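Residue-level structural notes
If you want the building blocks of each chain, they are given just below.
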Amino acid sequence: MTKPTFYLTTPIYYVNAEPHLGTAYTTIAADALARYRRMTGYDVMFLTGLDEHGQKIAQAAEAAGMDPQSWVDAIAPTFTKTWEMLEISNDDFIRTTQERHTLGVQAFWQELYDRGAVYQGRYEGWYCVPDETFWSQEDLVDGMCPQCGREVQFVSEDNWFFRLSDYQERLLDFYEAREAAGAPFIQPETRRNEVVSFVRSGLKDLSISRTTFSWGIPLPFAPDHVTYVWIDALLNYITALGYGSDDHSAFDRYWPADVQFVGKDIIRFHCVIWPAMLMAAGIEPPKSVFAHGFLLTKGEKMSKSKGNAQTPASLVKKFGVDGYRYYFLRDVTFGQDGSISMESMVQRYNGDLANDWGNLCSRLFNMTEKYLGGLTPPPPARECETGADCTLRSIAGFLPEKYEAAMRRLDYASALEATWDLIKEANRYIEAEAPWNLAKQGDDTRLSAVLYNALEAVRIAALFTAPVMPGTSSAVWQRLGLGDIEEVDDVFTEAQWGRLPAGLGVRKGEPLFPRIYEED
Ligand code: MSP
């Protein structure tokens with residue numbers, strides 16, 4: 001049977017600087033969904049990559065005394081290495097300086113040209129280089145960029161324009177139709193309202209080429225113009241699939257994307273310009289765009305240019321990859337802004353990971369070794385011998401459904417909370433059933449039943465920690481003597497109670513999450 005497809009993307013990141021916590025945040029969130037969808041039986045295509053053209057990159061290269069191509073080639077590996085370190089499981093990695101992208105962008109331009117969606121004109125107005133955004137005089141706030149508050153420059157150029165103003169009604173109808181079909185295009189809802197009122201207030205045609213610098217993709221019908229970097233960048237989502245090339249089988253298979261992850265700062269590009277561009281070329285817009293909030297440190301947006309960004313590597317060193325991934329998805333509600341701090345990171349790590357999850361595993365694996373000769377026991381004769389057995393089993397039984405519902409909303413915190421309901425219950429169960437007393441009393445039948453139930457809870461919990469914490473979840477399965485958790489492609493069947501076989505060799509292993517002391 002062929003698997004259904006699931007295509008998800010992150011924004012492609014500017015290579016003006018190395019990856020930081022903000023860019024890693026989007027990527028980890030997308031990765032957790034990609035991993036989960038693979039576990040639920042989808043043929044997943046997970047794309048990320050780099051935005052390498054435009055004035056901002058050209059300026060960064062110049063400041064470094066390098067030509068732009070050498071500059072982007074030098075920075076690109078810092079992204080691929082960071083994603084490897086963070087165990088990002090992307091299926092493809094696009095760079096906008098690749099030939100496949102250039103060809104796809106030019107094919108798209110030709111399509112717009114042939115359909116009469118573009119025309120030549122003169123742009124006079126303001127431009128914010130850090131945001132790569134055009135602004136009109138009325139948009140500016142105290143003469144500065146309304147988005148980032150930085151300086152803007154006056155631009156007067158002969159450019160090509162896209163007839164964005166033609167799409168106002170079509171976009172509004174499109175948002176409404178998706179909403180009526182119960183599959184809203186823009187999520188979460190607050191962002192949807194913001195976009196709808198922006199579109200209602202009127203759309204102006206958009207300048208989509210530049211002539212005052214050359215670091216970009218030339219227009220096929222006007223080679224002295226280079227593509228406006230946002231148009232260039234947005235098209236990565238389809239050029240990576242072979243749009244415009246002879247082999248567009250991936251495009252036919254995966255497009256339209258199921259979810260496109262973006263930060264709230266780039267929602268207009270993705271929810272207004274992007275669907276309008278696609279409509280103009282006769283291509284279906286993506287199924288949904290999800291805008292997450294900002295990570296804030298001491299109330300300020302974290303960014304390289306503000307100098308308040310920690311590197312992912314330094315935190316991974318302290319908390320491990322899984323500790324890092326867990327913190328951002330558990331402590332910040334996806335879709336809202338969230339404050340992050342070292343204190344709360346240490347607290348989450350020690351509380352949820354070292355105490356709840358790590359201890360549960362190591363205590364149980366120890367007891368299996370000590371009382372059962374290191375082998376998983378057979379399932380008890382009766383599934384619920386006591387009320388406590390039934391509670392544990394029923395929490396495990398509800399977990400898949402709760403987790404799936406939360407992941408559909410990209411509510412990672414709730415998905416993890418549901419998983420922790422099981423982990424905490426398993427800890428309570430062990431405390432209450434006290435296997436050490438059963439061993440003392442020589443009640444081997446009950447001892448075996450209690451350890452079976454607790455091990456089964458751990459086996460199931462690990463399935464649901466896996467999308468967010470792939471490494472330690474694999475380790476838990478390995479220590480239980482089970483197969484490769486990454487091979488699971490039907491988590492609902494796998495999560496059924498009672499599938500833990502008897503006689504598997506259980507290994508204790510090193511602590512999964514060694515406790516962190518403040519002075520570390
Ligand atoms: N290159 C464009 C995207 C083009 S997509 C066709 C871009 N790049 S970026 O590197 O500046 O930012 C990429 C993403 O990282 C954005 O979604 C942005 O919101 C996110 N983050 C950057 N700093 C952030 C935080 N402090 N917190 C959370 N995410 C933020 O925009």
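A few points on the structure. Within any chain, residue numbers begin from 1 and follow the written order of that chain's sequence. Only residues with pLDDT of at least 70 are given local features in this predicted model, and only at 80 or more are side-chain atom pairs given and counted; all residues enter the totals for whole chains, interfaces and linings. With hydrogens and water excluded, all non-hydrogen atoms of the structure serve as input to the side-chain values.

Some details on the environment of Glu 433
- Only DSSP runs of H or I covering at least 4 residues are called helices, and only runs of E covering at least 2 are called strands; the numbering of each starts at the N terminus. Locating Glu 433 in the fold gives a position in helix H14 (residues 412-433).
- Burial classes follow relative accessibility: with a 1.4 Å probe on protein chains only, a residue under 20% of its type's maximum area counts as buried, one over 50% as exposed, and anything between as partly exposed. Taking relative accessible area as the criterion, Glu 433 reaches 17% and is therefore assigned buried.
- Taking the C-alpha atoms as reference points, Glu 433 and Val 450, 17 residues apart in sequence, are found 7.1 Å from one another.
- Residue contacts are defined here by distance: any two heavy atoms, one from each residue, within 4.5 Å place the two residues in contact. Those residues in contact with Glu 433 that sit more than four places away from it in its chain are Ala 388, Leu 438, Arg 446 and Val 450.

Focus on the packing of aromatic side chains
- Here a Phe, Tyr or Trp ring, Trp counted by its six-membered ring, pairs with any other such ring whose centre lies within 6.5 Å, and the pair is stacked when the planes are under 30 degrees apart, edge-to-face when over 60, and tilted otherwise. Here the structure, examined in full by the defined rule, presents 38 aromatic pairs.
- Centre to centre, the rings of Tyr 327 and Phe 328 are 5.2 Å apart; their planes meet at 80°, and the pair counts as edge-to-face. The same class applies to Tyr 327 as to Phe 328, namely buried.
- Over the ring of Phe 6 we find Arg 37, and its NZ or CZ is 5.7 Å from the ring centre.
- When the ring centre of Tyr 254 is taken as origin, the NZ or CZ atom of Arg 253, which lies over that ring, is 5.5 Å away. Think of it as a cone above the ring: NZ of Lys or CZ of Arg counts as a charge over the ring if it is within 6 Å of the ring centre and within 35 degrees of the ring normal.

Describing the sheet that holds strand S5 (residues 133-135)
- For two strands to count as paired, DSSP must find a minimum of two bridges between them. An order of S5-S4-S6-S8 is seen for the four strands of this open sheet, with the pairing classed as antiparallel. A single partner strand is all that each edge strand has here, and the edge strands are S5 and strand S8 (206-207).
- Examined bridge by bridge, strand S4 (residues 118-128) and S5 share three bridges and lie antiparallel to one another. Pairing of Tyr 127 across the sheet is with Phe 134, part of S5.

Some details on the nonpolar core
- Here, the term nonpolar core denotes a set of buried Ala, Val, Leu, Ile, Met, Phe, Trp, Tyr and Cys residues that are joined through side-chain atoms within 4.5 Å. With 181 residues, the main nonpolar core has Tyr 175, Trp 255 and Trp 357 as its most contacted residues.
- Looking at which element gives the most residues to this core, the answer is helix H16 (residues 444-465), with 13 residues.
- The contact partners of Tyr 175, leaving out residues within four places of it in the chain, are Phe 185, Ile 186, Val 195, Val 196, Val 199, Cys 271 and Val 272.
- Judged by nonpolar contacts, the second largest core, of five residues, contains Cys 128, Trp 135, Cys 145 and Val 152.

So, the pattern of salt bridges
- Salt-bridge detection follows one rule: a side-chain nitrogen of Lys or Arg within 4 Å of a carboxyl oxygen of Asp or Glu. In this structure the tally under the stated criterion is 33 salt bridges.
- Between Glu 194 and Arg 191 there is a salt bridge, and its shortest N-O distance comes to 2.7 Å. Pair noted here: Glu 194 and Arg 191 are both in helix H6 (residues 189-200), with a separation of three residues, about one helical turn.
- Residue Glu 194 is classed as partly exposed on the basis of its relative accessible area, which comes to 33%.
- Judged by its relative accessible area of 15%, Arg 191 falls in the buried class.

Brief notes about the packing of helix H5 (residues 168-180) against H6
- Inter-axis angles, ranging from 0 to 180 degrees, are taken between N-to-C directions of lines fitted to C-alpha atoms, where helices are fitted over the stretch in contact. Two numbers describe how H5 lies on H6: the axes approach to 9 Å, and their chain directions differ by 155°. Between H5 and H6, the interaxial angle falls into the category roughly antiparallel. Taken as a pair, H5 and H6 cross one another with a handedness that is left-handed. In contact with Gln 168, Leu 171, Leu 172, Tyr 175 and Glu 179 of H5, H6 contributes Arg 192, Val 195, Val 196, Val 199 and Arg 200.
- In the contact of H5 with H6, the residues fall into six nonpolar, one polar and three charged. Just so you know how the angles are binned, under 35 degrees is roughly parallel, over 145 roughly antiparallel, 65 to 115 roughly perpendicular, and the rest oblique. Throughout, a crossing is termed right-handed when the near helix is turned clockwise from the far one, and left-handed when it is turned anticlockwise from it by less than a right angle. Residue polarity is assigned by list, with Asp, Glu, Lys and Arg as charged and Ala, Val, Leu, Ile, Met, Phe, Trp, Tyr, Cys and Pro as nonpolar; anything else, Gly included, falls into the polar class.

A closer look at the sheet that holds strand S2 (residues 43-51)
- With respect to topology, six strands assemble into an open sheet ordered S3-S2-S1-S12-S13-S7, the strand pairing being parallel. In the strand order of this sheet, the two ends are held by strand S3 (92-95) and strand S7 (186-187), each with one partner.
- The sheet contact formed by strand S1 (residues 5-14) and S2 spans eight bridges and is parallel. Across the sheet, the residue bridging to Tyr 13 is Leu 50, located in S2.

Concerning the pairing of S1
- For S1, a buried count of nine out of ten residues is recorded, marking the element as mostly surrounded by other parts of the structure.
- Crossover handedness is defined by viewing with both strands directed away from the observer: a clockwise path from the first strand over the helix to the second marks the crossover as right-handed. With helix H1 (residues 21-39) bridging S1 and the parallel S2, this β-α-β connection has right-handed handedness.
- Bridge count between S1 and strand S12 (residues 259-263): two bridges; the pairing is parallel. Bridge pairing links Leu 8 to Val 259 in S12.

Re the environment of Pro 377
- Residue placement: Pro 377 occurs in the loop between helix H12 (342-372) and helix H13 (387-408).
- Along the chain, Pro 377 and Leu 504 lie 127 residues apart, while their C-alpha atoms are 8.2 Å from each other.
- Dropping the residues within four chain positions of it, Pro 377 is found in contact with Leu 372, Ser 448, Leu 451, Tyr 452, Leu 455 and Ala 502.

Some remarks on the packing of H13 against H16
- Taken N-terminus to C-terminus, the directions of H13 and H16 make an angle of 10°; their axes are 11 Å apart at the nearest point. The orientation of H13 with respect to H16, classified from their angle, is roughly parallel. Once H13 is placed against H16, the crossing between them reads as left-handed. Between H13, through Asp 389, Leu 392, Ala 396, Leu 399, Pro 400 and Tyr 403, and H16, the contact on the second element is made entirely by Arg 446, Asn 453, Ala 454, Ala 457, Ile 460 and Phe 464.
- Residues that form the contact of H13 with H16 fall into these classes: nine nonpolar, one polar and two charged.

Section: the environment of Ala 233
- Within the element layout of this structure, Ala 233 appears in helix H7 (residues 229-234).
- Residue classification places Ala 233 among the buried positions, given a relative accessible area of 4%.
- Between the C-alpha atom of Ala 233 and that of Thr 96, which follows or precedes it by 137 residues, the distance is 6.9 Å.
- Discounting residues that sit within four places of it in the chain, Ala 233 has contacts with Ile 12 and Asp 51.

Examining unusual backbone geometry
- Of note, the amide linkage connecting Gln 187 to Pro 188 takes the cis form, showing an omega dihedral of -10°.
- Residue placement: Pro 188 occurs in the loop between S7 and H6.
- Of note, the amide linkage connecting Trp 255 to Pro 256 takes the cis form, showing an omega dihedral of 0°.
- The residue Pro 256 is located in the loop between helix H9 (249-254) and S12 in this model.
- Even without being glycine, Leu 410 reaches a positive phi, approximately 55°.
- Inspection of the secondary structure assignment puts Leu 410 in the loop between H13 and H14.

Purely spatial values, then, with no claim about function.
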